[in-house]
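Coordinate inspection notes
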Amino acid sequence: MTARSDYGGMLEEALVKAARDGDVDAFEELVARHKDKIFARAYSMMRNEDLATDMSQEAWIKGWQRLSQFHGDASFVTWLTRIVINLCLDELRKQKRNRADSIELLDEKSGGVERHMPVHDPNPTERLERAELRQRIDRALGQLSFEHRTVLILHEFEEMEYKEIAKRMGCSIGTVMSRLFYARRRIASLLSGLKREELR
Amino acid sequence: MMHHATELELQAYADNELSAAESGRIAQILKDDPEALVVFEEIKFAKSLLAVGELEATTPASRQFYWSKIERAIASKNSDIRANSLNPFKRPWLRFGLPAAAAALIILLIALLNRPSVEPPAVAGYFHEIDAPLAEEDAISFHSESAAMTIVWVDSRGY
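This report concerns the structure included in the present document. (Residues numbered from 1 in each chain as written. Chains lettered and ligands numbered in written order. Predicted model: local features only at pLDDT ≥ 70, side-chain atom pairs only at ≥ 80, totals over all residues. Heavy atoms only, no water.)

1. Looking at the packing of helix α4 (residues 76–97) of chain A against helix α7 (residues 146–157) of chain A
Residue and element names in this part refer to chain A. Packing of α4 against α7 leaves a shortest axis separation of 12 Å and a crossing angle of 170 degrees. Classed by the angle they form, the pair α4 and α7 counts as roughly antiparallel. Within the contact between the two elements, α4 uses I85, L89, L92 and K96 and α7 uses F146, E147, T150 and L154. When its residues are assigned to classes, the contact of α4 with α7 shows five nonpolar, one polar and two charged. (Axes fitted to C-alpha atoms, helices over the stretch in contact; angles between N-to-C directions. Helix = DSSP H or I, 4+ residues; strand = E, 2+ residues; numbered from the N terminus. Parallel < 35°, antiparallel > 145°, perpendicular 65-115°, else oblique. Contact = heavy atoms within 4.5 Å. Nonpolar A, V, L, I, M, F, W, Y, C, P; charged D, E, K, R; others polar.)

Written as structure tokens, this is what we have:
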């Protein structure tokens, strides 16, 4: 048995192998290394700290149970991120069944945005601090319906193709494309002031 | 006003989700249609914003506190697995094998009980009702249950 203090220096592959063989301490080291990333993905989808904590912990528990199914095709953290995304999608679907659709979803077609936006500088972020910009993007994401936010997160941050998003969200590729389009339009509208402020 | 399908094609072009032929067609639309260019620039603007990346979030709980719930769940699931492995009736092959074996036994018993008799009843009944009018005659008879037949030799020389 490896001493607990030694796990910190072990390679990820070795930790995964040890965890697969039932070594809980090796698994704890994996949790310690990646818990923030898994939590961040859950938080970006759920927009609630407590729920995100629960979802991410649940993902780790499922990960432990399914370690034998991890074959190393993707990195361990990518594999676990997929698990937390699926759990969040399930939870969001459950929540959706229990409440009326958001105003944004009812207004999905218009997206609450004018049809014609001015042509923007495709690189508006140069003179803004990245951290500040990320905060503003995060606030804007928080104003989207969960369908629009999820499709943006999966496409832009998880780099999934339309087909994979459709599969995970249980809808057609056409729906994914439409949601993505209106989500982008809404984000562009919410952050359209960036260029003006930047010039001040 | 631009058709929504064209807007989605422009987006798919920006996302590199189109074939080479389709991409060529959209590139031509962008050259010819200023309205399409406005929509395309808007999509690129949104993409460039999101390319900045996500806000970094950290778990509010400490490492130990966060891990403790996971650890408890793992321990509980491991003890369930151990308990299942010790209880023979929780083994999957037994859980499904025992009812299947019981069902097979019942079917076998029913089949045995309903097995047809060796002697065909109609034929047997016919021969049992035979009176033997030749008993006092000079005759020899042979009856076989298994072959379901009766043979009678009558000596007619006396007549």
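2. Quick look at the packing of aromatic side chains
Inspection of the entire model under this criterion finds ten aromatic pairs over all chains. Judged by centre distance (6.1 Å) and plane angle (40 degrees), the rings of W60(A) and F76(A) are tilted. Taken together, the residues span a long stretch of sequence, with W60(A) in helix α3 (residues 49–65) and F76(A) in helix α4 at a distance of 16 residues. Ring centres of F76(A) and W79(A) lie 5.8 Å apart, and the angle between their planes is 40 degrees; on these two criteria the pair is classed as tilted. Of the two residues, F76(A) and W79(A) both sit in helix α4, three residues apart, roughly one turn of that helix. Residue classification places W79(A) among the buried residues on the basis of a relative accessible area of 17%. An aromatic cluster is present here, built from F27(A), W60(A), W64(A), F70(A), F76(A), W79(A) and W67(B) joined pairwise through their rings. Sitting over the face of the ring of Y66(B), K35(A) holds its NZ or CZ atom 6.0 Å from the ring centroid. (Phe/Tyr/Trp six-rings, centres within 6.5 Å; stacked < 30°, edge-to-face > 60°. Buried < 20%, exposed > 50% of the residue type's maximum accessible area, 1.4 Å probe, protein only. Lys NZ or Arg CZ within 6 Å of the ring centre and 35° of its normal.)

3. Some points on the pairing of strand β1 (residues 139–144) of chain B
All names here are of chain B. Relative to strand β2 (residues 149–154), β1 is paired through six bridges, and the arrangement is antiparallel. Paired with A139 across the bridge in β2 is V154. Hairpin connection of β1 to β2: four residues between the antiparallel strands, including A148 at a positive phi of 55 degrees. (Pairing = 2+ DSSP bridges.)

4. Digging into the pattern of salt bridges
As enumerated under the stated definition, the model contains 21 salt bridges over all chains in all. The network of salt bridges with shared partners includes R41(A), R82(A), E158(A), E164(A), R168(A) and E54(B). (Salt bridge = Lys/Arg side-chain N within 4 Å of Asp/Glu carboxyl O.)

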